[in-house]
Amino acid sequence: MLDAKIPAGPLDDKWTEYKGHCKLVNPANKRKIEIIIVGTGLAGASAAASLGEMGYKVKAFCFQDSPRRAHSIAAQGGINAAKNYQNDGDSVFRLFYDTIKGGDYRSREGNVHRLAEVSANIIDQCVAQGVPFAREYGGLLSNRSFGGTQVQRTFYAAGQTGQQLLIGAYQALERQIALGNVKMYNRHEMLEVVKIEGKTQGIIARDLITGKLERHFGNAVLLCTGGYGNVFYLSTNAMGSNVTAAWKAHKAGAYFGNPCYTQIHPTCIPVSGDHQSKLTLMSESLRNDGRIWVPKQKGDTRKPNEIPEEERDYYLERRYPAFGNLVPRDVASRAAKERCDEGYGVGSSKQAVYLDFAAAIIRYGKIEAGKHGSENPSAEEVRHHGVDVVKEKYGNLFDMYEKITGEDPYEIPMRIYPAVHYTMGGLWVDYELMTNVKGLYCLGEANFSDHGANRLGASALMQGLADGYFVIPYTVGNYLADEIYSKPVATDHPAFADAEKAVSDRINKLMGIQGKTSVETFHKRLGKIMWEKCGMARNAKGLQEAITEIQELKKAFWSDVRIPGGTDEFNPELDKAGRVADFIELGELMCIDALQRNESCGGHFREEYQTPEGEALRDDANYMYVSAWEYRNEHEWELHKEPLVYDVIKPTARNYK
């Protein structure tokens, strides 16, 4: 049985007790220990900055030209923290409870409570770094709501929170680079984990500019490489986002946890045609003030502003009156799909719903007019003031929407539809964020640990920074305290040579195929299979078909892919080919995981398992566990189960009505 290493004792005391009793590394010994960090988004940059400042020798790797290019920069709406600034009843327990419930009771109590505990520290840290959070008139930090909660706990910086937080972490990282505590390797991709006698001792990385393979020793390796949403081809992820580092670790022995748990974000700009290579997210923060609706009449072709109020179906407010437009993402996404599938969709594709700010503009406009002493303001004055308020809160998001669609969302409601956004699955880790492979850790979205079957909005930034700033500095020391007795391994060790040869052989095999079909074509084919048969809804027949189709796709890829250029040069097509090859294997495992989980929970919606009202139907008696998959051979995995035990919260059917 998997050991999650959850500390004993009351839930409120677990993290405090752990910190009080974990092993420490003294400053002189820290200078002798090398730590490799792969990925420099929020989790990686914050971990590198923290560990560098503590005195460890850190090597940080990213495949981008700068850590500033990490996909964390794309997060828009905010970051959660249990500070109760609004005095609306929030607390550490409320954040913990909302996160467990939002994940449909498929996450660990110990990890989630720790996340809620350290959330307040993150805000203090970021304010000290100069992150320009939005503030109220009196100077206090401002908050807004996100889905799955009934309090305002989301701190934000307009619609660019991820960017501002990443700049803060990046500055902290750059300081450690300047001090010589961190060495940065840009344009390097990790392609293999090096293990010696079952213990992680380094990585093989490829210089993406020269094509040269490099060997790097590390007493510990931290993977902070983000999620794998691009397995679907079209997603809100940056086009470079991939699963390769995590997948190499998986094939080296690290278990993959809950791979089928994928988050579909309800607030994205709809697909417009086959020419697209990615999708654009419109922040969930828009659901604070925007109302989501479709026409009550099927196939209604009128413009939205021509449809009177009584002929509009505000379906989230109708179905979930307690939470309304702020239900969790999985619930909102399925509701939008259901309306469109029933023929109520809007736009040319009929695969969209409206997100309307007209009521918010009027509401804010009246308030502002009152501030200006206008007792009977005209409609024009109300609108003028209301638009100004909305611009201040969401302006860059509205500008982005207009640039992409050519429509003014201040005048015409936005059209939105669900799209792949985040992956709750990832490498299995214990309470210390270590995988089942000694010395190999996984942080942020790349691990499975905190979100269960569905992540609440604004919790990704919270988890990434919690792991990097406040968790890993303690837990990695508990392991490294025993490593001070181990001498560094020279990179001419046979294990490094074997690992490098394996990478080289794979690259040469890819280049030797000399087929006729582009990498992009294979990626699109995979994405179509995954979206249609392992997307917002899944069923046994479709998943079985998908597994067969993916296996056939893999054969075709390895016999007919075309990769121009050479190996000893800058070759993005070769880089992409390796990543797509890994996506194909991951896609098969995702379908296998979805097929064996005969229940619906969070983002995993099996059509065979739903309530009469169309809600997810869990099976706690048989599936209250983490699926941790061990790679055995091609097309062959072994399932290990980590039972989920709830001591504080009693799992019940989620109810947002």
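Residues numbered from 1 in each chain as written. Predicted model: local features only at pLDDT ≥ 70, side-chain atom pairs only at ≥ 80, totals over all residues. Heavy atoms only, no water.

Turning our attention to the overall build of the protein chain. Scanning the protein chain from N- to C-terminus turns up 17 helices and 21 strands. A globule of 657 residues ought to have a C-alpha radius of gyration of about 26 Å, and the protein chain, at 24 Å, matches this closely. Judged by the C-alpha coordinates and their principal axes, the protein chain covers about 80 × 55 × 50 Å. The buried share among the 657 residues of the protein chain stands at 60%. Carbon and sulfur atoms make up 49% of the accessible area of the protein chain, which amounts to about 25,200 Å² in all. Where the 79 positive side-chain charges of the protein chain centre and where its 85 negative ones centre are 2 Å apart. (Helix = DSSP H or I, 4+ residues; strand = E, 2+ residues; numbered from the N terminus. Rg over C-alpha atoms; globule rule 2.2 N^0.38 Å. Buried < 20%, exposed > 50% of the residue type's maximum accessible area, 1.4 Å probe, protein only. Areas by Shrake-Rupley, 256 points an atom, 1.4 Å probe, with all protein chains shown as cover. Lys, Arg positive; Asp, Glu negative; His and termini not counted. Charge placed at Lys NZ, Arg CZ, Asp CG, Glu CD.)

In terms of nonpolar packing, the biggest core is built from 186 residues, with I79, L222, Y441 and F557 touching the most fellow members. Both domains that meet at this core, namely domain 1 (267-418) and domain 2 (494-624 + 635-643), each give it at least three residues. When near neighbours in sequence (up to four residues on either side) are disregarded, L222 contacts I35, I36, I37, V38, A47, L51, Y441, L443, I472 and V476. The next biggest cluster of nonpolar side chains, apart from the first, holds six residues, and it includes W293, Y314, V346 and A352. (Core = buried A, V, L, I, M, F, W, Y, C linked by side-chain atoms within 4.5 Å. Domains from an automatic or database assignment. Contact = heavy atoms within 4.5 Å.)

Okay, the pairing of strand β6 (residues 188-196) next. Counting buried residues along β6, eight of its nine residues qualify, which places the element largely inside the surrounding structure. In sequence, β6 turns back onto strand β7 (residues 199-207) through a hairpin of two residues, with E197 there showing a positive phi of about 55 degrees. (Pairing = 2+ DSSP bridges.)

A few words now on helix α13 (residues 494-513). An α-helical turn contains 3.6 residues, so a residue and the one three or four places further along point in the same direction. Over its 20 residues, α13 extends 29 Å from the first C-alpha to the last, a length consistent with the 28 Å expected when each residue adds 1.5 Å. Looking at the buried positions of α13, the neighbouring elements they touch are β6, β7, β8 (213-217), α15 (540-560), β19 (561-562) and α16 (572-596). (Expected span 1.5 Å × (residues − 1).)

Turning next to the domain arrangement of the protein chain. The extent of an interface is frequently quoted as the accessible surface area lost upon association of the parts. Here the protein chain is partitioned into domain 1 (267-418) and domain 2 (494-624 + 635-643). A C-alpha centroid distance of 35 Å is found between domain 1 and domain 2. With both chains or domains summed, domain 1 and domain 2 bury close to 730 Å², and 54% of this area falls on carbon and sulfur atoms. At the surface where domain 1 touches domain 2, the tally comes to one salt bridge. One salt bridge connects R319 with E615, and the closest N-O pair in it is separated by 3.2 Å. Looking at the side of domain 1 that touches domain 2, the elements that each hand over two or more residues are α9 (329-341) and β15 (414-423). When the residues that make up the side of domain 1 that touches domain 2 are grouped by side-chain class, the tally is three nonpolar, one polar and five charged. (Buried area = accessible area lost by both parts, 1.4 Å probe. Salt bridge = Lys/Arg side-chain N within 4 Å of Asp/Glu carboxyl O. Nonpolar A, V, L, I, M, F, W, Y, C, P; charged D, E, K, R; others polar.)

With that settled, consider the sheet that holds strand β11 (residues 262-268). Taken together, the five strands give an open sheet; going across it, the order is β11-β15-β14-β12-β13, and neighbouring strands pair in antiparallel fashion. What marks the edges here is a single partner per strand, and that holds for β11 and β13 (312-313). Here β11 pairs with β15 via five bridges, running antiparallel. When the sheet's bridge partners are listed, H265 is paired in β15 with A419.

Here the focus is the pairing of β15. Judged by how many residues are buried, β15 sits mostly within the fold: nine of ten residues are covered. In this sheet, β15 lies alongside strand β14 (residues 353-356) in antiparallel orientation, the contact comprising three bridges. Considered in β15, the bridge of V353 is made with I416.

What follows covers the packing of aromatic side chains. Counted according to the given criterion, the structure contains 25 aromatic pairs. With centroids separated by 6.4 Å and ring planes inclined at 80 degrees, the aromatic side chains of Y105 and Y646 adopt a geometry described as edge-to-face. Taken together, the residues Y105 in the loop between α4 (92-102) and α5 (109-129) and Y646 in the segment after β21 (636-643) connect sequence positions 541 residues apart. The same class applies to Y105 as to Y646, namely buried. (Phe/Tyr/Trp six-rings, centres within 6.5 Å; stacked < 30°, edge-to-face > 60°.)

Attention now moves to the state of the cysteines. Applying the stated rule across the entire model yields zero disulfides. Free cysteine C62: the closest other cysteine sulfur is in C224, separated by 12 Å. Among the cysteines around C442, which has no disulfide bond, C224 carries the closest sulfur, lying 7.2 Å off. Judged by relative accessible area, which is 0%, C442 ranks as buried. (Disulfide = S-S within 2.5 Å.)

With that settled, the discussion passes to the environment of V131. One can find V131 in the loop between α5 and β4 (154-155). According to the relative accessible area criterion, V131 is buried, its value standing at 7%. Taking the C-alpha atoms as reference, V131 lies 24 Å from T236; in sequence the two are 105 residues apart. Once residues lying within four places of it in the same chain are set aside, the contact partners of V131 are C126, Q164, L165 and G168.

With respect to the helices and strands, T154 occurs in strand β4. With a relative accessible area of 0%, T154 lands in the buried category. Of note is the side chain of T154, whose polar atom sits 2.7 Å from the side chain of N80. Every residue in contact with T154, bar those within four places of it in the chain, is listed here: G77, G78, I79, N80, S142, N143, R144, S145, F146 and A458. (Polar contact = N/O pair within 3.5 Å; in protein donor to acceptor, adjacent residues only side chain to side chain.)

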